[in-house]
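Read off the chains here:
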Number of protein chains: 2
Amino acid sequence: MKKLTEKNLTESVLSQIKTNDARKEKIYKSFIKHLHDFVRDVEPTQEEWAQAISFLTATGQISDDKRQEFILLSDILGVSILVDAINHRAQEEVTESTVQGPFWRDDADVMELGANIAQGDAFDKGEPTVVRGKVLDSDGNPVVGAIVETWQSDADGFYDLQHEDVDKNLRAVFKTAADGSFWFRTIKPCAYPIPDDGPVGKFLRDMGRHPMRPAHLHFMIKAKGFRTLVTHLFLEGDEYLESDTVFAVKDSLIVPFSASNDKNEAASLGFEVPFYKANYDFVLKKEK
Amino acid sequence: MKKLTEKNLTESVLSQIKTNDARKEKIYKSFIKHLHDFVRDVEPTQEEWAQAISFLTATGQISDDKRQEFILLSDILGVSILVDAINHRAQEEVTESTVQGPFWRDDADVMELGANIAQGDAFDKGEPTVVRGKVLDSDGNPVVGAIVETWQSDADGFYDLQHEDVDKNLRAVFKTAADGSFWFRTIKPCAYPIPDDGPVGKFLRDMGRHPMRPAHLHFMIKAKGFRTLVTHLFLEGDEYLESDTVFAVKDSLIVPFSASNDKNEAASLGFEVPFYKANYDFVLKKEK
């Protein structure tokens, strides 16, 4: 190591990295270089740097099996959607992806097509909605037996994971029928703030930003021979489509949720009027 | 918000920041810009990005009132010493500063000059050492009543904060005498690994780096009218002076710890032979 000075320090740190893994070497060196560039650009006081350390520590410490504050941080800084974009280039003919968010869980129940995924209070407080669609390949052929996983918030803007006392709700896994179709009953999703009672919420306020996400349903769609699609469907007309705090909105994912007063159709669905109808066909990318 | 694309995303995220605090605006915008630059440079897969999220989360979660893993991370990336360098430019005539590290605590006992700061086993297992010096201003005048705080690891390389069952040890606060002098008894510090059983240790191994720090004593010196000095004294000849894992070594802070077999002096100190002697005069910067 040379005599360390403010000027040669970055080079000295980089010179200590001795791995045969070229990918790791690239990532670590780039990270250190950009982190040092940031520090040289803003020249933090030692108090400011201590605040940054405290912020990162608190962001880790508030995370647990139900809450992932670093994913939120990545989301609100636009990094999650940037990583998503980098990994889904040049896919004009297939459905666009967007962020997964922090509320997916690995144990959603498998349900029959047509099931109502809104249980108990969540259904009673919400606006009844039926979602229909197909899973297709990029030639327009149905993808039979595709796994369609969906999850969403309740009418108060909370996911099941955010409730102390509520078990799985407003999420399910379906399998597409012989014509590639799926359908399920639920409630209309609503716009909601991301959890903003932690370090990331404070950071948003410090930046003069709101914590709101436009109303959406999450989807993760898997089928053999196709790339897994992680995406949202957004409600047309939502006031936060232009300023989603996690930058996840894409025009192609905005869908009308049309109100219906058809009493017969409502009765056949076990709904009262008015209820809402949404349709979307997902197009998967064939794996090479 | 414009239609978001991979290309315009960074600009869109920056445009959402609306604070009247110019300093915060500069820091947040610079951070987002450099973070996006890093992501664009390495183009992480989504799995790689998920690993980064997991790493940051674990780094926060292992931190508690005794362990600060994000300070360690900042230290081993050379950021702590870079922030220190930025904040202590052009001070040729005063003692150089270096990183504070994660093991300072705010409740060290005030002791009389000459006290032995190594209690019990820590003393019995160590090599007895006497440290003497003065606190001076840049004109060479003594600084009377300066607060000299010191802390160090034991012969096994652990600080008191790293032991479950040991209370305060190997740290104390002294006040300089009328001639600016201080002295205390202790044991010779030894080279040690930073705590490497956590995420930062794994990261070091991934980078092909060792976790070692050369032997050192920490000092924090405060006096009215002077800038607080946070620094180390390093032991001359230590094998890790050239590759300190936190990049904190400065030539001006390397000090001989000379062995002595003087039985009379040893007896007067309550030591057996051999024992070690170190001397250093600290020069403080006058506050403007």
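Chain A is annotated in an unreviewed UniProt entry as Hydroxyquinol 1,2-dioxygenase from Belliella pelovolcani. Checking UniProt for chain A, the heading Sequence similarities (unreviewed entry) contains the comment "Belongs to the intradiol ring-cleavage dioxygenase family." According to the UniProt record, the Cofactor (unreviewed entry) comment for chain A is "Fe(3+)".

J.: I'd like a rundown of the overall build of chain A, residues and numbers included.
T.: Along its length, chain A carries eight helices and 11 strands. Based on the C-alpha atoms only, the size of chain A along its principal axes is roughly 80 × 45 × 30 Å. For chain A, buried positions account for 56% of its 288 residues. Within the structure as shown, chain A displays about 12800 Å² of accessible surface, and the carbon and sulfur contribution to it stands at 50%.

J.: I'd like a description of the domain arrangement of chain A, backed by residues and values.
T.: Domain annotation of chain A identifies domain 1 (1–43) and domain 2 (74–284). Look at where the C-alpha atoms of domain 1 of chain A and domain 2 of chain A centre, and you get two points 41 Å apart.

J.: Tell me about the relation of the copies chain A and chain B, residues and numbers included.
T.: Superposition record for chain A on chain B: RMSD 0.1 Å, screw rotation 180°, translation along axis 0.0 Å. Expressed as a symmetry operation, the mapping of one chain copy onto the other fits a two-fold axis. Rotation axis and chain A: the residue whose C-alpha lies nearest the axis is G60(A), separated from it by 2.0 Å. The share of interface residues of chain A whose copies in chain B are also at the interface is 99%, consistent with both copies meeting through the same surface.

J.: I'd like a description of the pairing of strand β7 (residues 216–222) of chain B, backed by residues and values.
T.: All names here are of chain B. Among the seven residues of β7, six are classified as buried, and the element is accordingly described as predominantly covered. Judged from the five bridges that link them, strand β2 (residues 147–151) and β7 form a sheet pairing that is antiparallel. Bridge pairing in β7 links T150 to F219. Two strands pair when backbone bridges link them, and β7 and strand β8 (residues 229–235) are joined in this way by six bridges, in the antiparallel orientation. Note that in β8 the partner of F219 across the bridge is T231. Hairpin connection from β7 to β8: six residues lie between these consecutive antiparallel strands, with G225 at a positive phi of about 90°.

J.: How would you summarise the interface of chain A and chain B if you had to cite specific residues and measurements?
T.: On the chain B side, the residues contacting the 70 residues of chain A number 69 residues. A buried area of about 6600 Å², summed over both sides, lies between chain A and chain B, and 63% of it is on carbon and sulfur atoms. Where chain A meets chain B, there are 10 salt bridges. When the shortest N-O distance is used, the salt bridge between R89(B) and E6(A) registers 2.6 Å. For the side of chain A that touches chain B, the element with the highest residue contribution is helix α2 (residues 22–42) of chain A, accounting for 17 residues.

J.: Before we move on, can you summarise the nonpolar core with the specific residues and values?
T.: Counting 128 residues, the largest nonpolar core has I76(A), F219(A), I221(A), I76(B), F219(B) and I221(B) as the members making the most contacts within it. In contact with I221(B), other than residues within four places in its own chain, are V135(B), A146(B), I147(B), V148(B), R227(B), T228(B), L229(B), F282(B) and L284(B). Among the nonpolar cores identified, the runner-up in size contains 10 residues, and I187(B), A266(B), L269(B) and F275(B) belong to it.

J.: Break down the UniProt feature "domain: Catechol dioxygenase N-terminal" (unreviewed entry) in chain A for me, citing the residues and quoting the values.
T.: As annotated in UniProt, the feature "domain: Catechol dioxygenase N-terminal" (unreviewed entry) corresponds to residues 21–93 of chain A in the numbering used here. Between the end C-alpha atoms of residues 21–93 of chain A there is a gap of 36 Å, over a span that is 73% helix and 0% strand.

J.: Account for the sheet that holds strand β7 (residues 216–222) of chain A, naming residues and giving values.
T.: Residues and elements named next belong to chain A. With mixed pairing, five strands are arranged side by side in an open sheet as β3-β2-β7-β8-β9. Looking at the sheet topology across the chains shown, the edges are occupied by β3 (171–175) and β9 (254–255). Two strands pair when backbone bridges link them, and strand β2 (residues 147–151) and β3 are joined in this way by five bridges, in the antiparallel orientation. From the neighbouring strand, W151 faces β3, where its bridge partner is R171.

J.: I'd like a description of the side chain of E149(B), backed by residues and values.
T.: Residues and elements named next belong to chain B. Here E149 is to be found in strand β2. One buried charged residue, E149, forms no salt bridge at all, with the nearest opposite charge on R171 at 5.4 Å. Among the polar contacts made by the side chain of E149, one reaches the side chain of W104 at a distance of 3.0 Å.

J.: Give a description of the pattern of salt bridges that names residues and reports values.
T.: Residues and elements named next belong to chain B. This structure, assessed with the given rule, holds 45 salt bridges over all chains. Among the salt bridges present, the one from R67 reaches D197, with a minimum N-O distance of 2.9 Å. Of this pair, R67 sits in the loop between α3 (46–61) and α4 (69–76) while D197 is found in the loop between β5 (192–193) and α7 (199–206), placing the two residues 130 residues apart along the sequence. Salt bridges sharing partners connect three or more residues here, namely R105, D107, D160, D167 and R171.

Conventions and cut-offs
- Residues numbered from 1 in each chain as written.
- Chains lettered and ligands numbered in written order.
- Predicted model: local features only at pLDDT ≥ 70, side-chain atom pairs only at ≥ 80, totals over all residues.
- Heavy atoms only, no water.
- UniProt positions renumbered as here; feature names shortened; annotations may be inferred.
- Helix = DSSP H or I, 4+ residues; strand = E, 2+ residues; numbered from the N terminus.
- Buried < 20%, exposed > 50% of the residue type's maximum accessible area, 1.4 Å probe, protein only.
- Areas by Shrake-Rupley, 256 points an atom, 1.4 Å probe, with all protein chains shown as cover.
- Domains from an automatic or database assignment.
- Least-squares fit on C-alpha atoms with pLDDT ≥ 70 in both.
- Contact = heavy atoms within 4.5 Å.
- Pairing = 2+ DSSP bridges.
- Buried area = accessible area lost by both parts, 1.4 Å probe.
- Salt bridge = Lys/Arg side-chain N within 4 Å of Asp/Glu carboxyl O.
- Core = buried A, V, L, I, M, F, W, Y, C linked by side-chain atoms within 4.5 Å.
- Lys, Arg positive; Asp, Glu negative; His and termini not counted.
- Polar contact = N/O pair within 3.5 Å; in protein donor to acceptor, adjacent residues only side chain to side chain.

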